[in-house]
Amino acid sequence: MPPHKPTEIQIRNDWTLDEVGALFALPFADLVFHAQQVHRACHDPNRVQVSTLLSIKTGACPEDCAYCPQSVRYDTGLEREELMSAETVLERARAAKAAGATRFCMGAAYRSPKKRDMEKISAMVREVSALGMETCATLGMLTAEQAQELKDAGLDFYNHNLDTSSEFYEKIITTRTYQDRLDTLQTVRAAGLKVCCGGILGMGEGQIDRAKLLHTLATLSEHPESVPINQLVQVEGTPLNGSEKLDPLEFVRTVAVARILMPKSHVRLSAGREEMSEELQALCFLAGANSIFYGEKLLTTGNPDVEEDRRLFERLGIQAEGCGTQG
Ligand code: SAM
Ligand code: DTB
Ligand code: SF4
């Protein structure tokens, strides 16, 4: 029995913004201790879930997300790639499975998928799912019919991030609204898909924006099953390149608050790990992060080497769920 195990953790969807602000204002040690208590009550603190990510359609996205190397509006030198064939995706999924992965996430640089894309993607999902892997997709905005089509093909999770507060969102993206994002999240839920939804830190937002993002996530009618917390990966050519770096301890704080607000969710330490020290990543795990992306590449940018991650997990006594390295 882990020490400090509280008897019962209540899942709440009625958090107030003041309560979220009060968590951010706690002394660091108190906040991390609180997060660790919640974490231990709901999860094995020494297990981290790992997912494999593949960009199935790269670049030339019509949206103007100021952080994103895949927007057609910014010259980032990225080579665009059409939607991959189902065979290529299946090959990659088989390799991921052979390496021990249990969840396969397919990402596409779309505002929303077109009808002919949907047919191909549904076929991919069906085949990856038939390998016995959990499937996740991130394709932009979806209609109810598209969400249902993906669900029928066997999709388990849909990733669609709110990224930041509704106020700050307008400074980062002008081609869609926060409400569009909320609508897709609701559509995805209504189709019976599990939700993966989080944000990006380090875009020049204030602590209030981070608090509002987490408040919005934690007051959805159901908490997202996965909450990716990305640190901005600064890419040359994007408007956010050169943004002031976030205090690493503030990143940890945000992870801890996410853990406390959404006790049962997988909080994923997502983009930005390549720039983080191993000590910082360890602090994030201590604060309640229990999922990562595993593999040398995210969608278009780098991620730590698999060997490096294995060594880090070994040093921390962490068991990886879903990458076949240990346990
Ligand atoms: N186009 C779809 C969409 O926007 O929902 C799916 C792909 S999009 C690349 C998925 C997520 O990647 C974004 O919501 C954002 O949170 C994250 N992302 C993109 N560029 C990033 C960057 N430079 N640093 C950190 N996260 C990033
Ligand atoms: C998420 O929250 N982070 C992942 C995944 N969902 C799709 C994507 C990170 C992308 C980082 C920039 C890139 O590699 O292009
Ligand atoms: Fe397109 Fe998604 Fe990148 Fe925005 S984050 S530019 S929607 S790929």
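As the structure is a computational prediction, the values presented were derived from the model and not from experiment.

> Mind showing me how you'd approach the overall build of the protein here?
When helices and strands are counted, the protein shows eleven helices and ten strands. In terms of overall size, the protein behaves like a compact globule, its C-alpha atoms giving a radius of gyration of 19 Å where 327 residues would be expected to give roughly 20 Å. By its C-alpha atoms, the protein is 50 × 45 × 35 Å across when sized along the principal axes. A separation threshold of at least 6 residues defines the contact pool for the protein, and within that pool the share at least 24 residues apart is 75%. Element-wise, carbon and sulfur atoms account for 49% of the exposed surface of the protein, whose accessible area totals about 14,100 Å². Of the side chains in the protein, 35 bear a positive and 46 a negative charge, and the two mean positions are spaced by 3 Å.

> Any chance you could explain helix H11 (residues 306-316) here in plain terms?
Spacing of three or four residues puts side chains on the same side of an α-helix, whose turn is 3.6 residues. Listed in full, the buried residues belonging to H11 are Val306, Asp309, Leu312 and Phe313. Projected down its long axis, H11 carries its buried residues within an arc of 125 degrees, all on one side. Summarising the geometry of H11, the exposed residues directed more than 90 degrees from the buried face are Glu314 and Arg315. Each element contacted by the buried residues of H11 is listed here: strand E1 (47-57), helix H10 (278-286), strand E9 (291-293) and strand E10 (319-321). Of the residues flanking the end of H11, it is Gly317, one or two places downstream, whose phi is positive at about 70 degrees.

> How should I be thinking about the site of ligand 1 in this particular structure?
Not every one of the 19 residues close to ligand 1 is listed here, only the nearest: Tyr67, Asn161, Asp163, Arg181 and Val233. Asn161 has a polar side-chain atom sitting 2.9 Å from an oxygen atom of ligand 1. Coverage of ligand 1 by the protein amounts to 90% of the 550 Å² it exposes when considered alone.

> Just checking my understanding: could you explain the pattern of salt bridges for this structure?
A side chain with one charge may pair with a side chain of the opposite charge, provided their charged atoms come close. Taken as a whole, this structure holds 17 salt bridges when the rule is applied. A salt bridge links Glu19 to Arg12; the nearest nitrogen and oxygen atoms lie 2.8 Å apart. Taking relative accessible area as the criterion, Glu19 reaches 30% and is therefore assigned partly exposed. Since its relative accessible area comes to 19%, Arg12 is described here as buried. A salt bridge links Glu225 to Arg189, with the shortest nitrogen-to-oxygen separation between them at 2.9 Å. Residue Glu225 is located in the loop between helix H8 (207-218) and strand E7 (226-231), and its partner Arg189 is located in helix H7 (residues 178-190); the two are separated by 36 residues in the primary sequence. On the basis of relative accessibility, which here comes to 25%, the residue Glu225 falls in the partly exposed class. Linked by salt bridges that have partners in common, Glu205, Arg210, Glu250 and Arg253 make up one network.

> Would you take a moment to explain the packing of helix H2 (residues 28-42) against helix H9 (residues 248-261) for this structure?
Think of two packed helices as two axes; the pair is described by the angle between the axes and how far apart they sit. At their nearest, the axes of H2 and H9 sit 9 Å apart, and the two run at 40 degrees to each other. Of the two possible hands of crossing, H2 and H9 adopt the one that is left-handed. Contact residues: Phe28, Leu31, His34, Ala35, Val38 and His39 in H2; Leu249, Val252, Arg253, Ala256, Val257, Arg259 and Ile260 in H9. Classifying every residue of the contact of H2 with H9 gives nine nonpolar, two polar and two charged.

> Where do I start with the nonpolar core in this structure?
Inside soluble globular proteins, nonpolar side chains tend to come together where they are buried. Formed by 92 residues in total, the largest nonpolar core has its most connected members in Ile56 and Tyr67. Top element by residues in this core is H9. It accounts for eight residues. Setting aside residues no more than four positions away along its own chain, Tyr67 makes contact with Asp163, Ile172, Ile173, Arg176, Ile200, Met203, Leu232, Val233, Thr238 and Leu240. Of all hydrophobic cores here, the second largest spans seven residues; its members include Cys105, Cys136, Phe157 and Ala271.

> Would you take a moment to explain the pairing of strand E2 (residues 103-108) for this structure?
Each regular strand displays side chains that alternate between the two surfaces of the sheet. By the criterion of burial, E2 is predominantly enclosed, with six of the six residues buried. Neither face of E2 is left uncovered, since the one carrying Arg103, Cys105 and Gly107 and the one carrying Phe104, Met106 and Ala108 both have all their residues buried. In the sheet, E1 pairs with E2 via five bridges, with the strands oriented parallel. Following the sheet pairing, Lys57 is matched in E2 by Ala108. Here five bridges tie E2 to strand E3 (residues 134-138), and the two strands are oriented parallel to one another. Bridged to Cys105 within E3 is Cys136. Chirality of the crossover, the property in question, places the unit of E2, helix H4 (residues 115-130) and E3 among those that are right-handed.

Cut-offs used in this document
In every chain, residue numbers begin from 1 and rise along the written sequence. By the order in which they are written, chains take letters starting at A while ligands take numbers starting at 1. At least 70 in pLDDT is required for a residue's local features to be given in this predicted model, at least 80 for side-chain atom pairs to be given and counted, and no such filter applies to totals for whole chains, interfaces and linings, which use all residues. With hydrogens and water stripped out, all remaining heavy atoms of the structure feed into the side-chain values. Numbering goes from the N terminus for both helices and strands, where a helix is a DSSP run of H or I of at least four residues and a strand is a run of E of at least two. When we talk radius of gyration, it's over C-alpha atoms, and the globule rule is simply 2.2 Å times the number of residues to the 0.38. Here, two residues are considered to be in contact whenever any of their heavy atoms come within 4.5 Å of each other. Surface accessibility follows the Shrake-Rupley procedure with a 1.4 Å probe radius. Residue values consider only the protein chains on display as shielding. As used throughout, the charge tally considers Lys and Arg to be positive and Asp and Glu to be negative, leaving His and the chain termini uncounted. One atom stands in for each charge, and that atom is NZ of Lys, CZ of Arg, CG of Asp or CD of Glu. Think of it in three bands: residues with accessible area under 20% of the maximum for their type are buried, residues over 50% are exposed, and the middle band is partly exposed, with areas taken using a 1.4 Å probe on protein chains only. This arc is built from the directions going out from the helix axis to the C-beta atoms. Proximity is defined per residue: if any heavy atom of the residue lies within 4 Å of a molecule or strand, that residue is considered near it. Think of a polar contact as two N or O atoms within 3.5 Å of one another; within protein, one of them needs to be a possible hydrogen donor and the other a possible acceptor, and neighboring residues in sequence only count if both atoms come from side chains. Take a side-chain nitrogen of Lys or Arg and a carboxyl oxygen of Asp or Glu: if they are within 4 Å of each other, that pair is a salt bridge. Between N-to-C directions, angles cover 0 to 180 degrees, with each direction set by a line fitted to C-alpha atoms, over the stretch in contact for helices. For any helix crossing, the convention is left-handed if the near helix is rotated counterclockwise from the far helix by under a right angle, and right-handed if that rotation is clockwise. Each residue receives one of three labels: charged for Asp, Glu, Lys and Arg, nonpolar for Ala, Val, Leu, Ile, Met, Phe, Trp, Tyr, Cys and Pro, and polar for the others, Gly being one of them. To define a nonpolar core, start from buried Ala, Val, Leu, Ile, Met, Phe, Trp, Tyr and Cys residues and group those joined through side-chain atoms within 4.5 Å. In this analysis, strands are considered paired if DSSP registers two or more bridges between them. Orient the strands so they point away from the viewer, and a crossover whose first-strand-to-second-strand path over the helix runs clockwise is right-handed.

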